[in-house]
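Summary of structural features
Now for the letters of each chain:
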Amino acid sequence: MAGFCGSFKKTMPYRILEVDYYAQAGAKELADCLNESYRYIIVDYGEITGQGFADCARCDLKVIVGSLSEWQAEAFLEIMRKDEKRDKSWKYAAAFGSEETRKEIEKKYRISVRRIPYTKDAFAITHADMVFLKELLGD
Amino acid sequence: MDARQFRKEALILKCIRHPGIPVVYDLEEDADFCYLIEEFLEGDSLYALVSDMGHFSKAMTVRYGIQICRLVNILHSAKPTPILYLDLQPRNLLVCGDIIKLVDFDHAIHLDEAEYLTKSYGTVGCAAPEQYTGEDLNERTDIYAIGAVLYYMLTGTYPGKSPVYPRALIDRKLAKVIHTCLNEDPKERYESADRLGKELECIQEQMEKNKEGVLGKDPGSSLTVAVAGAFPGAGATHIAIGFAVYLWQQGFSVLYEEKNRSNAVRQMADCMDSIMGRYGIYRIHGLPMLPFYGDAVKLEPHPYPVVVQDCGTSLKAFSRGTADGHLLVCGSKPWQWQRARDAVQFLGNPPGMAVIYNQFCGRLTVRLPGPARETECFLMPDSPNPFVHTKAAKRVYDEVLSSLTGRRTGGILRIFSGRTEGFFAGKD
């Protein structure tokens, strides 16, 4: 992504549209970021696993993103079935899947699963994206 | 409301297609409830806007009044039977963008049902006398309500039995129109909403004749004005908001655009619980305001022809943009003069630039430094709230607009244009 977006710096971070990106960051980079004056630090844990959960749980806001398509929903449901005590700082969002599946999961697990607006370009924020993100951050 | 009444409302709405009337998509019922599925409308009620602002300007009132007359005329012209609305009041009129929409049709009836009405409807303050006495209702009942709404927009109060027409708020022509609408005898009122609308259009035309210039006769012509401050705290945002509010009250379709990173609009929006609209715009005290968004944000282009851009203290953005006019806000205190001179010198006098000396106090500042030779300047006294103008602030904005439109009216303000006036020091 750094190369494609025109940044050829060998040291981190590289900057795209006024956002600093740290690739393959670990605990040290996170500690450095916390010492900087960033208002928001977004940590992409990728596919969540045991240790990932524990690290994620330290964040102020935790968002689990999944897909509710019939051939992918099982992974999402597995996470739901784990006996983890999750408070309101855990949010759930899905880009794909039917409305029926989404509502069933909401009802069964008594959570809110937000619908992520479809977007062609992750770097372009549309009105729908802003409404979605405002709700996600605002609760 | 019973189910029959509910179905009647749905049927009435389904017959009418007009931008000012919400679209009805469907009607559903279950064992317990009836559901009317209609178009989602984003906007503030006239009631909420007037509550925020105190009252509207004459230009705004006439503009919205014309739209209301057209809406009511559509109802009164419905085929096969005219529809009487019977509950026209500021809470049932939404301002969506710049369009008035009429909502809540639960008291509307067909004209041929009027004589069989067993209950009285209407809102106290806007309901015609015959709605209290049980006499026959017809189109002129709604005409009365239009008059009450016009009065409300202009004064912030309902007319009552003996309305008073304060000269400061309502001129003679408009007072006569409203008075005709509010006549206790229905036969003395305008015979139709169309006729009333035409009277208001005449008043609007007369007002436009007094506003020729850059903006022409049509307040929909475009204009962009950039505002910047000579230093942080000079009051650029305050003046930019104040000027945008002033233009809005004069009847222009205007947008305040934040072109700096102060985040002021979002902070105000949070404070007022304002919701972001379709173009990323917030309405704060009725004024459309577009916050600064970064390059990543892609929104639909907004439809506002008149834009006041708040450039903060970025004099580069101020001078390099494509604005039609430029307002530089400087401090008026002696310890701020040097920064005013520096800013004017840096800018090299772009075309159409004027200087506003902010928070001017005659006792403290008995003279001002001469600005660049051909720059106009205006003295803005302290004005605590940019959303509600003092008389003095309004006079300054009158002069600023006249300056932008090429029609200066003179008056109490001194205009400096390269020569020494008694009030201004010519010496730098």
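As the structure is a prediction and not an experimental result, all values here were calculated from the model.

**Some points on the interface of chain B and chain A**
Opposite the 14 residues of chain B that make contact, chain A presents 11 residues. When the two sides are added together, the surface that chain B and chain A hide from each other amounts to roughly 930 Å², 59% of it contributed by carbon and sulfur. The interface formed by chain B and chain A includes one salt bridge. For the interface between chain B and chain A, the tally reads four residue pairs in polar contact (both at pLDDT 80 or more).

**Looking at the pattern of salt bridges**
Residue and element names in this part refer to chain B. The tally for this structure, following the rule as stated, stands at 15 salt bridges over all chains. Notably, a salt bridge pairs Arg-70 with Glu-201, separated by 2.9 Å at the nearest N-O pair. With Arg-70 in helix α3 (residues 58–76) and Glu-201 in helix α7 (residues 193–209), the pair connects residues that are 131 residues apart, well separated along the chain. When its relative accessible area of 48% is taken as the criterion, Arg-70 is described as partly exposed. Salt-bridge contacts for Glu-257 lead to Lys-259; the nearest nitrogen and oxygen are separated by 3.6 Å. Judged by its relative accessible area of 15%, Glu-257 falls in the buried class.

**What about the environment of Thr-119 of chain A?**
Residues and elements named next belong to chain A. Residue placement: Thr-119 occurs in the loop between β5 (113–115) and α5 (127–138). Taking the C-alpha atoms as reference points, Thr-119 and Asp-129, separated by 10 residues in sequence, lie 8.1 Å from one another. In this view, Thr-119 contacts Ala-124 and Asp-129; residues no more than four positions away in its chain are not counted. Polar side-chain contacts of Thr-119 include one of 3.1 Å to the backbone oxygen of Asp-121.

Each value, and the rule that gives it
- Residues numbered from 1 in each chain as written.
- Chains lettered and ligands numbered in written order.
- Predicted model: local features only at pLDDT ≥ 70, side-chain atom pairs only at ≥ 80, totals over all residues.
- Heavy atoms only, no water.
- Contact = heavy atoms within 4.5 Å.
- Buried area = accessible area lost by both parts, 1.4 Å probe.
- Salt bridge = Lys/Arg side-chain N within 4 Å of Asp/Glu carboxyl O.
- Polar contact = N/O pair within 3.5 Å; in protein donor to acceptor, adjacent residues only side chain to side chain.
- Helix = DSSP H or I, 4+ residues; strand = E, 2+ residues; numbered from the N terminus.
- Buried < 20%, exposed > 50% of the residue type's maximum accessible area, 1.4 Å probe, protein only.

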